[in-house]
Amino acid sequence: MDEAWGAHLPFHPDLPTWAMDAGADVCVTSIHKMGSGLEQSSVFHLQGDLVAPELLKERADLFSTTSPSVLIYAALDGWRRQMVEHGRTMYDSALELAGKARSRIEAVEGLRLHGRDDFCGPGRAFDADPLQLVVDVSALGTGGYQVADWLREHHWINVGLSDHRRILRSGVEGGMVVPDAADVSLNTVRVVAADR
């Protein structure tokens, strides 16, 4: 299972179910996306006896380096320890801030904040991460690609993803739960609405 954006999921019960808790045999998690690992720091998780550990290692060796970085391993271990010791508290705060940001974004005219109802259900995703703020900007007469380019050029703000209608801002910045991440996300969409 590809769970590239789900490194944080096992650390709070109000986040979507982690692939391994859902019964996956193998999942790969990119710690550098929603954790605080350095680039290229992804890990495999394995459970059960369907996939032999030796076989997984052989396949992983085809893609991994022969010169591993101690910095990458140290960052992985440091983040894992931080999450085990403080993850629940950190994500309590992050979820509260993301909830407040959602309420405030929904009040901005011309923007539509997507939620679980838009992405989850039969034939769609099982769940959605409440820390990901997906904002439809099409009512402003523009697209997500254009808004992302404009934000980068004029305000040095990078969005996580964009498409023809939407931008995505995360309630977690740089893999760290920071108190002002929700405000950064809110300010991003306010700038879009005011300047477009």
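What comes next concerns the included structure. (Residues numbered from 1 in each chain as written. Predicted model: local features only at pLDDT ≥ 70, side-chain atom pairs only at ≥ 80, totals over all residues. Heavy atoms only, no water.)

Some thoughts on the packing of aromatic side chains
- Scanning all chains against the criterion turns up 1 aromatic pair.
- With centroids separated by 5.6 Å and ring planes inclined at 85°, the aromatic side chains of F11 and W79 adopt a geometry described as edge-to-face. Taken together, the residues F11 in the segment before β1 (26–30) and W79 in helix α3 (residues 70–106) connect sequence positions 68 residues apart. (Phe/Tyr/Trp six-rings, centres within 6.5 Å; stacked < 30°, edge-to-face > 60°. Helix = DSSP H or I, 4+ residues; strand = E, 2+ residues; numbered from the N terminus.)

Considering the layout of surface pockets
- If you add up the space inside the largest pocket, you get close to 720 Å³.
- What lines the largest pocket is a set of 27 residues, among which W5, P16, D127, A128 and D129 lie closest to the centre.
- Among the secondary structure elements, those contributing two or more residues to the lining of the largest pocket are α4 (116–119) and β4 (132–136).
- Per-class residue counts for the lining of the largest pocket are 16 nonpolar, 5 polar and 6 charged.
- Approximately 600 Å³ is the volume attributed to the second largest pocket.
- Elements supplying a minimum of two residues to the lining of the second largest pocket: β2 (42–46), α2 (53–61) and α3. (1 Å grid on protein atoms, 1.4 Å probe; cavity = no way out; pocket = protein on both sides within 12 Å on 5 of 7 lines; lining within 4 Å. Points joined across faces, edges and corners; volume = space filled by probe spheres on them. Nonpolar A, V, L, I, M, F, W, Y, C, P; charged D, E, K, R; others polar.)

Focus on the nonpolar core
- Formed by 19 residues in total, the largest nonpolar core has its most connected members in L15, W79, M83, Y91 and L131.
- Residue contributions to this core peak at 8 residues, all from α3.
- Excluding its chain neighbours within four sequence positions, the residues that come into contact with M83 are F11, R88, M90 and Y91.
- Counting 15 residues, the second largest nonpolar core, distinct from the first, contains I105, V147, W150 and V159. (Core = buried A, V, L, I, M, F, W, Y, C linked by side-chain atoms within 4.5 Å. Buried < 20%, exposed > 50% of the residue type's maximum accessible area, 1.4 Å probe, protein only. Contact = heavy atoms within 4.5 Å.)

Regarding helix α5 (residues 144–155)
- For α5, with 12 residues, the first-to-last C-alpha span of 16 Å sits near the 16 Å given by 1.5 Å per residue.
- Turning to α5, its buried residues are G144, V147, A148, W150 and L151. An end-on view of α5 places all buried positions within 165° of arc, on one side of the element.
- Looking one or two residues beyond α5, the residue adopting positive phi is W156, at roughly 55°. (Expected span 1.5 Å × (residues − 1). Arc of directions from axis to C-beta.)

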